Amino acid sequence: MKHLFLILSFLAMQTAFAQNKTTLSGNLKDKATKDPLPFVNVVLKNAKDSVFVTGTVSNENGLFSLKDLKQGEYVLEVSYIGYNTFQKAVFVGKLNDYLDIGTIELAESTETLQEIVVEGKRDAVLETLDKKTFKMDENLSQGGGSVLQAMKNLPSLTVSQDGKVALRGSDKVTVLIDGKQTALTGFGNQAGLDNIPASAIERIEVINNPSAKNDANGSAGIINIIFKKNQQEGLNGKVGLISGVGALWQKQANLPTIRPQYQDNYKLNPSLTLNYRKKKVNLFFQGDLVSQKVLNKNEFFQRIYDDGSVIEQQFLENRTQTIATVKTGLDWNIDDNNTFTFSALYNRESHIDLGDLPYFNQNLTERKRLWQYHEKEINTALNTSLIYEHKFKQAGHKLTTNFNYTFHRENEKFSFDNYLPTSQSNDATHLIADENVSDLNIDYIKPLKSGRMELGSKLRWRYIPTNMIFIPGQNSVLDLGAQGWANYNEYIGALYGNYVYESKFWEVEAGLRMESIKVNYEVTPTHNTYKSNGYNYLQPFPNLRIAYLVNDNSRISMFYNRRVDRPDEQDLRIFPKYDDPEILKTGNPNLRPQFTQTVELGYKNSWKSGYIYAAAYMRFIDNILTRIVTAPTGSTFINSISQNAGTGRNEGIELVLNQEITKWFSVNVNLNGYQNTISAFSIDNVYPFNVSFQAEQQQIYSGNMKINSIFKLPQNWDIQVSSIYLAPDIIPQGRIESRYSLDLGLKKAIQNGKGELFANASDILNTMRIQKVVTSTGFTLKSRDLYETQIIRVGYARKF
């Protein structure tokens, strides 16, 4: 009955898709003299009934523009005393914000131009470039949490316990903030998503098939997080307060002799948004503070060795955390053609972790080890951006220069006690890693009659010096030969060109990005295993999208792109991480980039109260980036090393159904099913001992399901119920089992719409558990993570 209840209660979160409005521009000249024609009447009419839509007159230079045009079929009419009236059919689609009709020459003779017949088309619910937009204020069941927590309810996205976001089953996703990569979300990972409060975010954009103008990194796609920013005249803003409690009860009792796990964990999140606009200047500020306790990890392991021995283990991590986030800046409209924007994003996350790791025999009668640690970590990130935009006389014709500088410091102090049956020791480590990233982007957009042309370039320098100090005590377990320094240097140069074309029946987007990269990873000469390494390449990354419009409501689309996933500095990092001394994690400077080619065929059909979207996709992956665990012969110590694990393939079908059942109830169903194949591979884990591992080919049918619902009730009540089911899947050495959860959210508008009250509860049934089985040479590792998933929050926000 519980499973039936889940299926019947599955949630639907309403997705919001932006409606494009287009500006049409042109240039009027005398046909004989080629002189500009000022003050000419320009009128746009509906093609079906000749009803007036909008109009204007050309300026002194003969230029005109018609703004805020909706998708459809129009007739452009140009009239001027002494000249023949000009008429031309115009098609406005959804791909372009600007269209340039070009130069129109009016003749004094009686010559007439023959009308071109162009039929219109209806806007689809899913945007044609496959960019889906989700507003955070409509995500009722995760309000007050982090951006990472909010993402788990979005269609196509899944979230793992270790903070990775997967898009259609792949965690190789590039995360942007306001369209830019930052140290906060990682250059190749999603490290800081759990440190960004959802209250600071306006919306999240998901792009499955990015164009050449986007960075080539992120084979699964792009997630763009847009911070709140207002443009209203005068002073306005929003203030809010959210409080909550998590880990309401234990999912499983602790193993003996360790400190209790955190329960009834408090959550507190005040926020403030301010915006002041006057004349040519717009100032904005967004501030959020999060203070909370978290059951960050509660993982139970069972290690089963081929000789019959078994080790029972728990990994408990209690966290006290404070996160401050500030986004501020200004827009300066120098004149009608030039704009300057400065913005700064600051984030400081500090936490104290108390870790307990007991190790027992199978029947828990003998404790083999107790590992307890205290970790104090401060992560500081600052991202500054300078944007200069020049608009040419032609509407939509612009050149943008964007310079970004990002700094991120990871400061981790780690001390631990090692209790063995016959001895005790205390050790400590101190890591400082500074990330410095400088980006220069130049983008050029030229509107055309039936589309646009995009050109651009990018230069990046990324430098990360790291220093790991080991502080051994008596009977130390530290590998003193693995400490020291390492410097990461990355240089990227890229050029791209992208062309978009749109007509009555066809939409085409074709682009090519050429990317040159050089990575040097310099390692201290005293390291006992790893040496300096690096890689470089010059590679093309093409993209193609072709859509055929069957009729006003239906379209068929085909996508192709090639993308790359470059190893992040933490994947290369040579220092062992001692949070678990018997399952030791280390990077690998010998890693190489993962390349992926994706092909997708999609069909979309819309109607008045909803739509359906179906897509079949295939991914071909080379140099899979993952972690491989091995153990030396005769040892119970396991090493988890970053590796390239050969090739893989992923074929799947995704279905999105959105339907308004009644005015007060709507439902959204997202189904994603795929076959995941990982080819046979062999690797050598060289730290701390050289151990070879061979894996046979693995294959599984997997997927996930989300059914989302919104109830709009009287008295301004909104209710959201959400549920997620994730089917079993494979990882390069094993399998991850199914998991599911049920969430609930409530919101009520008060104070004439100026204020709102809300409450939500995640994982109501307390069912979210992540279970894995990893098989290696000589042992099998089973794990079950019962971390904090059940959280109740209440909040209030008011606009002013």
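Residues numbered from 1 in each chain as written. Predicted model: local features only at pLDDT ≥ 70, side-chain atom pairs only at ≥ 80, totals over all residues. Heavy atoms only, no water.

In this section: the sheet that holds strand E7 (residues 98-106). One open sheet accounts for 3 strands, arranged E4-E1-E7; its pairing is mixed. In this open sheet, the two edge strands, each paired with only one partner strand, are strand E4 (63-69) and E7. Between one strand and the next, the sheet's axes are offset by a mean angle of 20°, whatever the strand orientation. With 7 bridges connecting them, strand E1 (residues 22-30) and E7 associate as parallel partners. Paired with Lys29 across the two strands is Glu105, which belongs to E7. (Pairing = 2+ DSSP bridges. Helix = DSSP H or I, 4+ residues; strand = E, 2+ residues; numbered from the N terminus. Axes fitted to C-alpha atoms, helices over the stretch in contact; angles between N-to-C directions.)

A word on the packing of aromatic side chains. Under the criterion given, the structure shown has 21 aromatic pairs. Ring plane angle 90° and centroid distance 6.4 Å describe the contact between Phe315 and Tyr373, whose orientation is recorded as edge-to-face. Of this pair, Phe315 sits in strand E17 (residues 310-333) while Tyr373 sits in strand E19 (residues 367-391); the two residues are 58 residues apart in sequence, bridging distant segments of the chain. Taken individually, Phe315 and Tyr373 each receive the classification buried, so the pair is uniform in this respect. Aromatic ring contacts, followed pair by pair, group Phe315, Trp371, Tyr373, Phe414, Phe416, Phe470 and Tyr578 into a single cluster. Above the face of the Tyr262 ring, Lys293 is positioned so that its terminal group lies 4.7 Å from the ring centre. Positioned over the ring face of Tyr359 is Arg369, at 5.9 Å from the centre of the ring. (Phe/Tyr/Trp six-rings, centres within 6.5 Å; stacked < 30°, edge-to-face > 60°. Buried < 20%, exposed > 50% of the residue type's maximum accessible area, 1.4 Å probe, protein only. Lys NZ or Arg CZ within 6 Å of the ring centre and 35° of its normal.)

Here we take up the environment of Gly62. Examined against the element boundaries, Gly62 turns out to sit in the loop between strand E3 (52-57) and E4. Placed 32 residues apart in sequence, Gly62 and Asp30 show a C-alpha to C-alpha distance of 9.7 Å. For Gly62, the contacting residues outside a window of four places in its chain are Gly26, Asn27, Leu28, Pro36 and Leu37. (Contact = heavy atoms within 4.5 Å.)

Tyr687 connects to Pro688 through a cis peptide bond whose omega is -10°. Structurally, the position occupied by Pro688 is in the loop between strand E34 (681-685) and strand E35 (691-695). Phi at Ser50 is positive, roughly 60°, even though this residue is not glycine. Along the chain, the position of Ser50 falls in the loop between strand E2 (41-46) and E3. The backbone of Asp68 shows a phi angle near 60°, a positive value even though the residue is not glycine. When you line up the elements, Asp68 lands in strand E4.

Right, let's talk about the sheet that holds strand E12 (residues 201-207) for a bit. Strand order in the open sheet made by the 4 strands is E8-E12-E13-E11, with mixed pairing throughout. Because the sheet does not close on itself, it has two edges, and the strands there are strand E8 (131-135) and strand E11 (173-177). Neighbouring strand axes in the sheet, compared pairwise and without regard to direction, differ in orientation by 20° on average.

Quick look at the environment of Gln87 now. Relative to the helices and strands, Gln87 resides in strand E6 (residues 86-92). The class of Gln87 is partly exposed, set by a relative accessible area of 31%. Separated by 43 residues in sequence, Gln87 and Leu44 have C-alpha atoms that sit 9.7 Å apart. A polar contact of 2.9 Å, which involves the side chain of Gln87, links it to the side chain of Glu77. (Polar contact = N/O pair within 3.5 Å; in protein donor to acceptor, adjacent residues only side chain to side chain.)

Glancing now at the side chain of Ser211. Among the structural elements, Ser211 can be located in the loop between E12 and strand E13 (221-227). Residue class for Ser211 comes out buried when judged on its relative accessible area of 11%. Other than its neighbours up to four places away in sequence, Ser211 contacts Asn498, Glu509 and Asn543.

None of the figures reported here should be taken as evidence of function without further support.
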